[in-house]
Each structure stands twice: as structure tokens, then as C-alpha cells.
Amino acid sequence: SAVLTCYTFDPVFFGAYYLPVLRNVGIVNVVVLMDSRQYDALMQELPKGVDCSFGYTLIRMKPGSGVGVFHPKVSFLVGEKQGLLLIGSGNLTYSGISLNDEVWGEFEISSFLFFIQTSVGLYSFFFTSSSSFIIYSTGVDGGELRVAF
């Protein structure tokens, strides 16, 4: 499974290049959390009637205060026995992954204890009272999930 965060997102690049790499290493469940304003702009750019069931879940993150943006760049990849945590500066776009000068840190997760500590740390970072967010996700059936943290 993978949880990825970004400010801007390119579904064409992601679907053609990034997602196949994840699939090739056995990652089936993919969730992408992105900034709410960037999400709205992306949805406006899509032609009417375009199928938005991309084979992954794209979630709109909005600061609970309504001020600011959702800007972290984290990739948390988890397998049955190991995981990988990447923290960096690149968005999930062609330029953010391929062209720009970006910085990334890599943390390999090989023990269950470290996995738990990393998971709790990420949860605390994204969903504590000091970083309140409202999540919107539109499902394949058109239903909307709204959760506030």
C-alpha cells in the first residue's frame, strides 16, 4: 500500500509513469492526498464526462481554518515485511519528479516497531489539533466522504 502527499498533482504523468512503477513492485492500494485548491483546479481542467476512477484514491485536503495550503511531500510505501518512507520537496508531477532540483530523504522500514513508530508519527503530523484538515474524497459512485480532523 502507498500513501502519497503533494501540493500539485498531474494525473496523466502519475498514471502513465509513477503508478506502473508502484504496481510493478506489488503496491495495489494507492492513496494520494493533495491540496484542496489544486484539487479543485485539476477537476476544473478535466473535460466533462471524463472517468475519474484512476485506479487510486485522490483525496482533497483542506486546512480546517480555511487559511494556508496542504504542502507536504511524503511517500509512505508499505509491504508485508518492509516499508519505505520518502520525505522531500517534489510534487507528483513530471517536473517535480523528473526535471526540478528536488531534495528527498529515504528511510527504510524493516522492523515492526519502526513501522508502528513511523505510522504514529505520520498520523500525528497530519491529523493533530495543531494541523487541522478537512478531507474530501469523491468515490467512484459519486458519493462524497467528508471527514474533519
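Summary of the structure given here. Given the structure is predicted, the values throughout are model-derived calculations rather than measurements.

1. Here's the deal with the overall build of the protein chain
- Secondary structure assignment for the protein chain yields 4 helices and 8 strands.
- Within the protein chain, the proportion of its 149 residues that are buried is 36%.
- In the protein chain, 64% of the contacts between residues at least 6 apart in sequence involve partners at least 24 apart.
- Counting every atom, the protein chain has about 8800 Å² of accessible surface; 58% of that belongs to carbon and sulfur.

2. Comments concerning the nonpolar core
- Of all hydrophobic cores here, the largest spans 19 residues; its most connected members are Leu 4, Phe 9, Phe 14, Leu 22, Val 30 and Val 32.
- Elements represented by at least two residues in this core include exactly β1 (2–6), α1 (11–24), β2 (30–35) and α2 (36–45).
- Here this core takes 5 residues from α1, the largest share from any one element.
- With residues near it in sequence (within four places) discarded, Leu 22 still touches Leu 4, Phe 14, Ile 27, Val 30 and Leu 77.

3. Looking at the packing of aromatic side chains
- Here the structure, examined in full by the defined rule, presents 6 aromatic pairs.
- Ring centres of Phe 9 and Tyr 56 lie 5.8 Å apart, and the angle between their planes is 70 degrees; this geometry places the pair in the edge-to-face category. Of this pair, Phe 9 sits in the loop between β1 and α1 while Tyr 56 sits in the loop between α2 and β3 (57–63), and the two are 47 residues apart along the sequence.
- Judged by centre distance (4.8 Å) and plane angle (70 degrees), the rings of Phe 14 and Tyr 56 are edge-to-face. Of the two residues, Phe 14 sits in helix α1 while Tyr 56 sits in the loop between α2 and β3, which places them 42 residues apart along the sequence. Residues Phe 14 and Tyr 56 agree in their burial class; the two are buried.
- Put simply, the rings of Phe 9, Phe 14, Tyr 18 and Tyr 56 pair up and form one aromatic cluster.

4. Considerations on the environment of Phe 76
- Within the secondary structure, Phe 76 is located in strand β4 (residues 74–78).
- Phe 76 sits 31 residues away from Phe 107 along the chain, and the two C-alpha atoms are 9.6 Å apart.

Procedures and definitions
- Residues numbered from 1 in each chain as written.
- Predicted model: local features only at pLDDT ≥ 70, side-chain atom pairs only at ≥ 80, totals over all residues.
- Heavy atoms only, no water.
- Helix = DSSP H or I, 4+ residues; strand = E, 2+ residues; numbered from the N terminus.
- Buried < 20%, exposed > 50% of the residue type's maximum accessible area, 1.4 Å probe, protein only.
- Contact = heavy atoms within 4.5 Å.
- Areas by Shrake-Rupley, 256 points an atom, 1.4 Å probe, with all protein chains shown as cover.
- Core = buried A, V, L, I, M, F, W, Y, C linked by side-chain atoms within 4.5 Å.
- Phe/Tyr/Trp six-rings, centres within 6.5 Å; stacked < 30°, edge-to-face > 60°.

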